[in-house]
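Here's the letter readout for the chains.
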Amino acid sequence: MRREHRPYRLKYWLGKLNRGYVRHFLQPQFDALGQAPIVVQPHRMRVFGQHISIGHFAHLINSQQQPIQLTTWRGKGMDGHIEIGDYCLISPGTTLISAQQITVGDNCMLAAGCYISDSDWHGLYNRLRPFRCTKPISIGNNVWIGHRAQVGKGVSIGDNSVVGAGAVVVKDVPANVVVAGNPAVVVKKLDPERRMLKRERLFTDAEHYHDNMDQLDRYLMQGNSFLGWLKTLLFPSRND
């Protein structure tokens, strides 16, 4: 479809059902899920294990083919934890899997298809279990990890840094840099004195933000009707 054909009231009530699903079915799967999460297609999200928490004002985007997957494992020598801060964006297909500890700071953005794992899951010589191949991962505040990037065990990424699309991070990344490549290396330095706009700015007045989004929906969907929406589903045309 070229544009949104649903009537405003339909999207409004579907949004209420979506938030109800998050409260009653998704939130209990976390140790903590903070205030006012925005979750796209929450029924597709995959959460497995204990010790998984996400802070306030998270934006979690799932799709049918690319759900977000958060997994912790427990067992002999394993007790995984995933802790994600406030104001974070997690995009479709992103996977975090932990046997020890993955910490993500505030205002972070994880683009589609990221893979972050604190374990190799099999040793070089002992391939029966993850023996001496697990180290915690620490991702600082306001970090942006690009499309399909991978972050390996034991890595620390400093505040404000950017991991380029497709990069493979196997060594620590300092603050205020851009890294790219396989293995990832520094390709640019950022000015720490320059003002940065972070995701938290969207929620300085959270009620105002959500009201603006609602007003935008009203504007974009004005004139849409239920019968017109059904017509585009059953008999789509080139103009739809």
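In what follows, the structure referred to is the one given above.
Residues numbered from 1 in each chain as written. Predicted model: local features only at pLDDT ≥ 70, side-chain atom pairs only at ≥ 80, totals over all residues. Heavy atoms only, no water.

Side note on the pattern of salt bridges
The full count for this structure, using the stated rule, is five salt bridges. For Asp 217, the salt bridge goes to Lys 11, with nearest N and O atoms at 3.2 Å. Highlighted residues: Asp 217 in helix α2 (residues 206–220) and Lys 11 in helix α1 (residues 8–26), separated in sequence by 206 residues. Between Arg 218 and Asp 214 there is a salt bridge, with the nearest N and O atoms lying 3.2 Å from each other. Pair noted here: Arg 218 and Asp 214 are both in helix α2, with a separation of four residues, about one helical turn. (Salt bridge = Lys/Arg side-chain N within 4 Å of Asp/Glu carboxyl O. Helix = DSSP H or I, 4+ residues; strand = E, 2+ residues; numbered from the N terminus.)

Topic: the packing of aromatic side chains
Counting across every chain of the model gives nine aromatic pairs. Considering the side-chain rings of Tyr 8 and Tyr 12, the 6.0 Å spacing of their centres and the 35° angle between planes classify their relative orientation as tilted. Taken together, the positions of Tyr 8 and Tyr 12, both in helix α1 and four residues apart, correspond to about one turn of that helix. Looking at Tyr 8, the relative accessible area reads 11%, which means it is buried. Grouped by ring-pair contacts, the aromatic residues Phe 57, Tyr 87, Phe 203 and Tyr 209 constitute a single cluster. In this arrangement the basic side chain of Arg 9 is found over the ring face of Tyr 12, its NZ or CZ atom lying 4.5 Å from the centre. (Phe/Tyr/Trp six-rings, centres within 6.5 Å; stacked < 30°, edge-to-face > 60°. Buried < 20%, exposed > 50% of the residue type's maximum accessible area, 1.4 Å probe, protein only. Lys NZ or Arg CZ within 6 Å of the ring centre and 35° of its normal.)

A few points about α2
In a regular helix each residue adds 1.5 Å, so 15 residues correspond to 21 Å; α2 covers 21 Å between its end C-alpha atoms and thus fits that length. Along α2, the residues classified as buried are Ala 206, Tyr 209 and Asp 217. When α2 is viewed along its axis, its buried side chains cluster within an angular range of 80° and face the same direction. Pointing more than 90 degrees away from the buried face of α2 are the exposed residues Glu 207 and Tyr 219. (Expected span 1.5 Å × (residues − 1). Arc of directions from axis to C-beta.)

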